[in-house]
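Chain by chain, the residues run as shown.
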Amino acid sequence: MSLEQFKNRNVGTQNYVKLDLAHTPTTGWGQFKQVVGRTFKPELFVGLWVTFREMGNALVGGKMHTTQYPFEKLPISPRYRAIHDMLRLMESGNYRCIGCGLCEKICISNCISMETKYDENQRKEVSEYTINFGRCIFCGYCAEVCPELAIVHGPRYETASEQRASFSLFEDMLTPIDKLNLQQEYDGFGAISPNADENIKPTPLAY
Amino acid sequence: MDSTMLPEVTAVGVIIKAVLILAVIAAIAGFGTYIERKILAFMQRRLGPQHVGPYGLLQLAADGIKLFTKEDIIPQHANKIIFAVAPVITAATAFIALAAVPVFPGFTIPLVDVYVPSIASDINVGILFVLGMMAAGLYGPLLAGMAQANKWGILGSARTAIQFLSYEVVTGLSILAPIMMVGSLSFVDFNDYQADGTWLVVYQPVAFVLFLIAGFAETNRTPFDLLEHEAEVISGYVTEYSGMRWGLFFIGEYANMITIGVIASVVFLGGYNDFWIFPGWLMIIGKIAFSFFFMLWVRAAWPHVRPDQLMWLCWKVLMPLAVINVVITGLVMMII
Amino acid sequence: MSEVQTVENMVSITIDGKEYKAKEGEYILNAARANDIFIPAICYLTRCSPTLACRICLVEANGKQVYSCNTKVKEGMEVTVNTPNILAERRAMMEVYDVNHPLQCGVCDQSGECELQNYTLELQVDSQSYSIPDTKRETSDWSSVLHYDAGLCIVCERCTTVCKDMIGDAAIKTTKRGGASLDKAWKDEMPKDAYAMWNKLQKSVIAPSNGTGSTDCSDCGECIAVCPVGALVSRDFVYTSNAWDLRKIPAVSAHSSDGFQIYYEVKPISIDNRDEKIYRVTNEWNYVSLDGSARFGYDYENRGVTKDKKAFDLAIEAFKKAKTIRFNSMITNEEAMMLQTLKEKMGIKLYNPEVRAFQKFLTLYADASGHSLYTSSMEDSMKSDFIVSVGGALRNDSPGLKYAFNNVQKMNKGAGLYFHPVGDTLIPSFGKSVSTFTHKVGLEEATLYLVLALFSDQDKLDSSVKDYITELGGKEGLIDLVGGDSKKFIKGFDKMMKKKERFTLMVGEDYYYHDRADNLAKLIALIEQTAGFNVVMNPPKSNALGVAIICDLDDNAEGYTVGYNEIGDFRLSALGDGDLDIPAFNQQEGTVTNLSKRVVPTNVALDYGGYELNDLMKELIDDAPEETIDWTKRLPTDRGYRAVEFDSLDNYYDNAGNEHRGYLLNVLFEERDTPKVEKFYDDTLLDGDIVYRCNPPRQFNDFSAKAHQIFEPFGLYVSSSKAESLGKKVEVVFDNGTIVVDVIEDKKMEGDIMALSDFKSAENVYGLFDGSRYASVTIKEV
Ligand code: SF4
Ligand code: SF4
Ligand code: SF4
Ligand code: SF4
Ligand code: FES
């Protein structure tokens, strides 16, 4: 499913068919005619035929519709805001989060909290990061504000849990290092706009 | 009425037959729910039950276990005795009706040499008996709805009363014409009448259609499932039922469907006579199965009607048609 | 800073076409700020000298471009804040500041409170026109508390300025960066001032001024406070929290008697533990400068306390049978009032050796001078131009007065005399006009006679005093007596006295414990009367002044004693080791009477779940109010307090730098005859090994010792030369006991007197000294 489909909001120009409804009969004779007409028109059989045909399609035509959730899942829109993922840098495998705390600040339901420290490489290190999914309203602000595209909404939308407050820790959300090659770039809210390049001004590097 | 060629019908045979009918029909009724779900699913391009057992076949068992183990709730203000008895009426009448219906061809159990007749009790007014029993089945829903002290239940039983009573008339009248032609009320005679391969439906198409329509109404199937239509009356007369009591209604309904299927097959569709290379037992099973399938098919295809439309259809369309059909049949018989 | 703004010393100026009043002699920048007009300025610090490092404060005054931070207002001056040329200059400056500035705002500890960010946005810098190759600038830790990230430093020199002009340590300075030098071509291409600024910026970086990698300073952390960017941060705080996550709680510094306004900044300890802790202490650095104990000595709270009913009942019992309550100055006015109430209602003695001597001295002084309290304050001292400090180890006892002493030299072209038996190398470095006198212990009266001789209006002096001075050899004789060089000093003194108008005498703790405190108090009163000095005294610690005024203390303890943060038969303690827990200072609300005689409010920074003194009061006396702060309006009005609600007390500084914190104590003035001073005897001089009761800088009490960022250990502090002769550990034998302590070298000390810490109450150092601050001892090796 591509983003374009979602961006097309011109619903008014799509192919609608107008129903041409016959008038309701007013006289007894008219009603009788309608009944007879309806009784002897093969309308009812059309219905039977349609259902039968679909059964055929389903059974032998391979047009079965069912997705066998939870064994199969439908792809969801990249803009869908499900359980968060923490991404890593493709090149180094380091996590992208720099610990700026903007997500923590912007979070509308105050459910992110994090701990940072000064690490041995003189960098800011995120020592722990948690989201309380019992409170998260999946507004997507955190992903939108994140300057590193580190916290994003992943495709995992099953949020049922045994407890009202279910916390995710940094480890839970971080792309496992051995699955780094499977990491998907995020395309939803907060992702770089397609014309980002045009908006960047060059900085002089005269030396 | 001459069936001298058949072995003697013993009491043991009849009991075996009765147990057979009970067991098989009850099982088939259960199985019917599975079939119904599957068929409806296929027609909507779904898969239907899938995960309990191969192809979801054990869904039936799962449902059974569920129904048996479910808490049996009797509402506080319900009339407890009637509330308890009502489902039994439905189930019992359904099965009793089957007593006079030839379900399989007769056969002899080898070794013990006991003959099991095709019909548990070949009373000579079989049709009358079956129709009567089915009409008595009306008391099930009626009492259930009234006993449970629930407004949806009351509505459900009111609908039961009008719907069943009205369509009783159509059933009776529509089947009168074939009876006139066969000249007997015994199913066996009906079967034998068509032994030459010409099905009664050929002579009585209108009666057949009317009977089918009325059959749908009698068994409370779409498009006439007004008794327990969720969108209107929650669950109608079964609103307050749960567990096995609810299960009895369910079995009763499916048994009735089979009964209607059997009557239609025997009366109009050539009964259990051999047909071409197919043996009689296969034919009758095939016919019953088809009529069962047809009920599901209709359910998948058609919407249900409003109560007023139902009455209108019954009294202004079907009943006059049935009467006209009887009259015409009589005239033709006089002329020929 | 509550100087009366009379019409005489105000001028009118016009800023952007509007007329305003400004204090005469004020810088344009400060005049504008006082009138709520914004002029961009980065490097200027109120109360410090302008450095002209940033040049962004350019304005047009009477048609000429000037730097508003170093141009004084004149009557009728017309100031324009923005002209096209100035705007171009400013923009260029901000672009220059952004050249090679690391794009680290996301992790930077300044987190949104960054002046570089602010001005970059304010001046709408959205593109960069300048560039130069970057130089690798290393991050380094300068001391146990200072963390410097040279990469982020914009060399505004605020840190060096405050260290030199306010703190006095001058421990850091700008040094060569050693990067690429600026292409001359820029000179023609860019605005003039911006180029000049860049030229300097590109060459400099900040480093400890002693040439090593680490600073040798008092670790006050004021440089951290003033840094406009994230270049200077405390080592403990680096990357632990964003500023916006911290909740600011206005409070009062707890350990020294300065009573600085501070903000505790709190947030939850961790993800698992949602109890709050203090992450750092910040201050209004333009108007108040903290010492190390105020900035780093904050985590002494009594954590995890719940209501222990059993202990509480025992405490009630203890109070009922108590004959004495022993306490110290780490107590709010309200609590002091409660104890005083107990004394009045239950006849319990109040024993507080820390404050008792001070209280007596205040009474002596009041008797002699007719002033109910000393007349000056820390802020007033800062406005004087000649300071004489006697009887206190300024660097250790009173950071606030040290800052004032230093600031006067730097800002007011001031002069200063420092009399103390313990030699100090830092004080002379405050300015060229500072003279220090290292006198013998016991010659305190002589120093005051010298002050009389030097400064008094001789006509006002009694002939007996004059005769006595002559007897002592006049000025010269006295100078030589107190350890000075009379010839050299007299020559320089005239220059020192030039254009001096406001004189301040700072009196320290030594005097309170002096055998002849009576005579000292009289001499001080006499100096005040005859030499036009204002006097400020240094209350020993914390709220000593409040306790001294509110409580009627007794001279000794007897019978069953309840200790309040002190030793006793039953101990109430905020240190967590007593019989009943009480809240620590940062868990209390209430008021404190600070050195400047100001009654200032402090607030609860951290939750406390146990009992407090007022809960006991409710059981012990009939009319105890509901809350501790209900005592605020019960403070004794006859002793200078006001009957006001705690919640009505302000706690802020306004844009003009006026202090709106609580209220000033009322000081009563009575006319008195000239005090009759006595002669002194030099047979009281101490000989041999002398120990002085004095804490290292930043240490004041058990609470500062508990704080994890105060590292100064308990021990015997000695000068470098003395350290060599003593070894690592010694036993100090007093008349009434001994103590074994580590010997610690203090490079800024001189001479042979040794300073023994007293901040650990368990060591009972007060007892060893037995009511005096100096003691002759025998040193034994161990
Ligand atoms: S999606 Fe919204 S509510 Fe959830 S963590 Fe992000 S900002 Fe907070
Ligand atoms: S906004 Fe992004 S980079 Fe910043 S702390 Fe949150 S996840 Fe990390
Ligand atoms: S000092 Fe200011 S501009 Fe520089 S990285 Fe930190 S926040 Fe950003
Ligand atoms: S460390 Fe901070 S205060 Fe000092 S010069 Fe650099 S930016 Fe200015
Ligand atoms: S503020 Fe005036 S030059 Fe920096």
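What you see is a predicted model, and the numbers here were worked out from it, not measured in a lab.

1. Some points on the confidence of the model for chain C
Residue and element names in this part refer to chain C.
Then comes step 1: Per-chain confidence: chain C averages 93 in pLDDT, with 99% of residues scoring 70 or above.
Then comes step 2: Confidence drops under pLDDT 50 across residues 1-5; counting only partners more than four residues distant or on other chains, this segment forms 11 contacts.
Then comes step 3: On the interface metric, ipTM, the complex scores 0.84, and its pTM is 0.80.

2. Brief notes about the interface of chain C and chain A
Then comes step 1: On the chain A side, the residues contacting the 23 residues of chain C number 25 residues.
Then comes step 2: Among the residues of chain C in contact with chain A, C:Y239, C:W244 and C:I271 are the three that bury the most area, contributing 35% of the side total.
Then comes step 3: Linking chain C to chain A there are 0 salt bridges.
Then comes step 4: Here chain C and chain A share 5 residue pairs in polar contact (both at pLDDT 80 or more) between them.

3. Focus on the packing of helix α17 (residues 474-481) of chain C against helix α18 (residues 486-497) of chain C
Residue and element names in this part refer to chain C.
Then comes step 1: Taken N-terminus to C-terminus, the directions of α17 and α18 make an angle of 120°; their axes are 9 Å apart at the nearest point. Here α17 is positioned oblique relative to α18, judged by the angle of their axes. Between α17 and α18 the crossing geometry is right-handed. Contacts from K475, E476, I479 and D480 of α17 reach α18 at S486, F489 and I490.

4. Side note on the nonpolar core
Residues and elements named next belong to chain C.
Then comes step 1: Within the largest apolar cluster, 166 residues are counted, with the highest numbers of intra-cluster contacts made by F455 and L572.
Then comes step 2: Ranked by residue count, the leading element in this core is helix α15 (residues 444-455), at 9 residues.
Then comes step 3: The next biggest cluster of nonpolar side chains, apart from the first, holds 78 residues, and it includes V11, A194, V205 and C223.

5. Topic: the site of ligand 4
Then comes step 1: What surrounds ligand 4 is a group of 14 residues, the closest being C:C153, C:C156, C:E157, C:C159 and C:C227.
Then comes step 2: Partitioned by chemical class, the residues of the shell around ligand 4 number 12 nonpolar, no polar and 2 charged.

6. Observations regarding the sheet that holds strand β14 (residues 324-327) of chain C
Residues and elements named next belong to chain C.
Then comes step 1: On the basis of which strands lie adjacent, the open sheet formed by 5 strands has the order β15-β14-β22-β23-β24 and parallel pairing. The open sheet terminates on both sides in strands that have one partner only, identified here as β15 (349-351) and β24 (580-581).
Then comes step 2: Strand direction decides the pairing type here: strand β23 (residues 570-573) and β24, joined by 2 bridges, are parallel. Pairing of S573 across the sheet is with D581, part of β24.

7. Topic: the site of ligand 1
Then comes step 1: Taken together, 13 residues surround ligand 1, and among them A:C107, A:S109, A:C136, A:C139 and A:C142 come closest.
Then comes step 2: A per-class count over the shell around ligand 1 returns 9 nonpolar, 4 polar and no charged.

8. So, the domain arrangement of chain C
Then comes step 1: Once the domains are mapped, chain C shows domain 1 (1-82), domain 2 (322-354 + 553-643), domain 3 (358-537) and domain 4 (684-781).
Then comes step 2: Between domain 1 of chain C and domain 3 of chain C, the C-alpha centre-to-centre distance is 35 Å.

9. Concerning the packing of aromatic side chains
Residues and elements named next belong to chain B.
Then comes step 1: All told, the structure shown has 51 aromatic pairs over all chains when counted by the stated rule.
Then comes step 2: When the ring of F290 is compared with that of F293, the centres are 6.3 Å apart and the planes differ by 45°; the resulting orientation is tilted. Highlighted residues: F290 and F293, both in helix α12 (residues 280-301), separated by 3 residues, approximately one helical turn.
Then comes step 3: Looking at F290, the relative accessible area reads 47%, which means it is partly exposed.

10. A closer look at the interface of chain A and chain B
Often, the extent of an interface is quoted as the loss of accessible area on bringing the components together.
Then comes step 1: Each partner contributes to the interface: chain A provides 17 residues, whereas chain B provides 16 residues.
Then comes step 2: The junction of chain A with chain B conceals about 1600 Å² of combined surface from both sides, 73% of it contributed by carbon and sulfur atoms.
Then comes step 3: Summed over the three residues of chain A that lose the most area to chain B, namely A:L48, A:T51 and A:M55, the buried surface amounts to 31% of that side.
Then comes step 4: Taken together, the connections running from chain A to chain B amount to 1 salt bridge.
Then comes step 5: With a closest N to O distance of 2.7 Å, B:R45 and A:E54 form a salt bridge.
Then comes step 6: Connecting chain A to chain B are 6 residue pairs in polar contact (both at pLDDT 80 or more).
Then comes step 7: At 10 residues, the largest contribution of residues to the side of chain A that touches chain B is made by helix α3 (residues 43-59) of chain A.
Then comes step 8: Taken together, the residues of the side of chain A that touches chain B sort by class into 9 nonpolar, 6 polar and 2 charged.

11. Things to note about a nonpolar patch on the surface
Residues and elements named next belong to chain B.
Then comes step 1: Taken together, the side chains of V206, L321, V323, I324, V327, I328, L331, V332, M334, I335 and I336 define a hydrophobic patch exposed on the protein surface, amounting to about 1100 Å² of accessible area.
Then comes step 2: Along the chain, the position of L331 falls in helix α13 (residues 307-335).
Then comes step 3: Judged by relative accessible area, L331 falls into the partly exposed class, the value being 44%.

12. Description of helix α3 (residues 115-122) of chain C
At 3.6 residues per turn, the α-helix brings residues three or four places apart onto the same side.
Residue and element names in this part refer to chain C.
Then comes step 1: Those residues of α3 that fall on the buried side of the exposure criterion are E115, L116, Y119 and T120. The buried residues of α3 all sit within an arc of 135° when viewed along its axis, so they share a single face.
Then comes step 2: Each element contacted by the buried residues of α3 is listed here: α2 (84-98) and α4 (158-167).
Then comes step 3: Looking one or two residues beyond α3, the residue adopting positive phi is Q124, at roughly 50°.

13. Some thoughts on the sheet that holds strand β16 (residues 386-390) of chain C
All names here are of chain C.
Then comes step 1: Read from one edge of the open sheet, 5 strands run β19-β17-β16-β20-β21, paired in parallel fashion. Edge strands, defined here as strands with exactly one partner in the open sheet, are β19 (434-437) and β21 (533-537). Adjacent strand axes in the sheet meet at a mean angle of 15° when their direction is disregarded.
Then comes step 2: The pairing of β16 with strand β17 (residues 415-419) spans 5 bridges and is classified as parallel. Paired with V390 across the strands is F419, a residue of β17.

14. With respect to the pattern of salt bridges
Residues and elements named next belong to chain C.
Then comes step 1: Applying the stated criterion across every chain yields a total of 61 salt bridges over all chains.
Then comes step 2: With a closest N to O distance of 3.1 Å, K200 and E157 form a salt bridge. With K200 in helix α6 (residues 192-203) and E157 in the loop between β7 (146-149) and α4, this residue pair connects regions lying 43 residues apart in the sequence.
Then comes step 3: Of the residues examined, E157 reaches a relative accessible area of 12% and is grouped as buried.
Then comes step 4: In this structure, R326 and E566 form a salt bridge, with 3.3 Å as the shortest nitrogen-oxygen distance. With R326 in strand β14 and E566 in the loop between β22 (561-564) and β23, this pair connects stretches of sequence that are 240 residues apart.
Then comes step 5: You can call R326 buried: its relative accessible area is 13%.
Then comes step 6: In the salt-bridge network here, residues are joined through shared partners; they are D397, E509, D510, K541, R693, D758 and R773.

What counts and what doesn't
- Residues numbered from 1 in each chain as written.
- Chains lettered and ligands numbered in written order.
- Predicted model: local features only at pLDDT ≥ 70, side-chain atom pairs only at ≥ 80, totals over all residues.
- Heavy atoms only, no water.
- pLDDT = per-residue confidence, 0-100.
- Contact = heavy atoms within 4.5 Å.
- Buried area = accessible area lost by both parts, 1.4 Å probe.
- Salt bridge = Lys/Arg side-chain N within 4 Å of Asp/Glu carboxyl O.
- Polar contact = N/O pair within 3.5 Å; in protein donor to acceptor, adjacent residues only side chain to side chain.
- Axes fitted to C-alpha atoms, helices over the stretch in contact; angles between N-to-C directions.
- Helix = DSSP H or I, 4+ residues; strand = E, 2+ residues; numbered from the N terminus.
- Parallel < 35°, antiparallel > 145°, perpendicular 65-115°, else oblique.
- Left-handed = near helix turned anticlockwise from the far one by under 90°.
- Core = buried A, V, L, I, M, F, W, Y, C linked by side-chain atoms within 4.5 Å.
- Buried < 20%, exposed > 50% of the residue type's maximum accessible area, 1.4 Å probe, protein only.
- Near = heavy atom within 4 Å.
- Nonpolar A, V, L, I, M, F, W, Y, C, P; charged D, E, K, R; others polar.
- Pairing = 2+ DSSP bridges.
- Domains from an automatic or database assignment.
- Phe/Tyr/Trp six-rings, centres within 6.5 Å; stacked < 30°, edge-to-face > 60°.
- Patch = residues over 30% accessible without salt bridge, like charges linked within 9 Å, V, L, I, M, F, W, Y side chains within 5 Å.
- Areas by Shrake-Rupley, 256 points an atom, 1.4 Å probe, with all protein chains shown as cover.
- Arc of directions from axis to C-beta.

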